[in-house]
Amino acid sequence: MLTVLLAIGALYYFYFLPKKTLIVKSILPSGSVSDSIVVYKSERKLLLYYRSKPMKTYSISLGDSPVGHKEKEGDEKTPEGLYNISGRNPNSKYHLSLRISYPNEQDKLNAEKNGYSPGGDIMIHGLPNSTGFLEEYYISNDWTDGCIAVTNEEIEEIWGAVKDGTPIFINK
């Protein structure tokens, strides 16, 4: 009887459950330095570059309303344009965070002209510190308030490769 149950369980496991593809992730060599970052919002990709050559590509999650340029506080959009990494927070409520220099002067002028705050606190960060069993949700969905999110392992790698002042170009 036990053999039959094991056979049925194995059949269910291998035949009916969704198949996960084995993904081999590359790791940046220790000491790697990126001199620029490019984000493609529509493709949900962040690329680290060194001397105009891509070093590594990461899958990203964005805000709940990712299409279009961030214009005001609370719109849950990720800004588009040229910014830089303007700081870092090792004690973030997310697993590490790199500050993006949004809003720039043009963003501030546009918001002022339209009578609202441009917002701020746009980051590249890891998952919430209290993710627990919801990690797969965070990896598979747009969930931030306009930030760019990667896995905890990935933000550790990016954190080590990116210095403050590094330019970041965020595309549609």
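Report follows, based on the coordinates.

Quick look at a nonpolar patch on the surface now. A cluster of nonpolar side chains, F133, L134 and Y137, forms an exposed patch at the surface whose accessible area comes to about 370 Å². By relative accessible area, Y137 is classed as partly exposed at 43%.

Residues L46, I124, I148 and I168 are the most contacted members of the largest nonpolar core, which totals 25 residues. Per-element tally for this core: the top contributor is helix α4 (residues 152-161), with four residues. Aside from chain neighbours lying at most four places away, what touches I168 is I37, V39, G81, L82, Y83, N84, I85, I100, I124 and I148. In this structure, Y94, L127, W143 and A149 belong to the second largest nonpolar core, which totals five residues.

Before going further, it helps to examine the environment of I60. Positionally, I60 belongs in the loop between β3 (53-59) and β4 (81-89). The exposure class assigned to I60 is buried, which follows from its relative accessible area of 7%. In this structure the C-alpha to C-alpha distance between I60 and E43, which are 17 residues apart in sequence, comes to 8.8 Å. Non-local contacts of I60, meaning those with residues more than four positions away in its chain, are made with V39, R44, K45, L46, I148, A149 and V150.

Moving on, we get to α4. Along α4, the residues classified as buried are E154, I155, E157, I158, W159 and A161. Looking at the buried residues of α4, the elements they touch are β2 (45-50), β3, β4, β5 (97-100) and β6 (123-125).

About the criteria used
Residues numbered from 1 in each chain as written. Predicted model: local features only at pLDDT ≥ 70, side-chain atom pairs only at ≥ 80, totals over all residues. Heavy atoms only, no water. Patch = residues over 30% accessible without salt bridge, like charges linked within 9 Å, V, L, I, M, F, W, Y side chains within 5 Å. Areas by Shrake-Rupley, 256 points an atom, 1.4 Å probe, with all protein chains shown as cover. Salt bridge = Lys/Arg side-chain N within 4 Å of Asp/Glu carboxyl O. Buried < 20%, exposed > 50% of the residue type's maximum accessible area, 1.4 Å probe, protein only. Core = buried A, V, L, I, M, F, W, Y, C linked by side-chain atoms within 4.5 Å. Helix = DSSP H or I, 4+ residues; strand = E, 2+ residues; numbered from the N terminus. Contact = heavy atoms within 4.5 Å.

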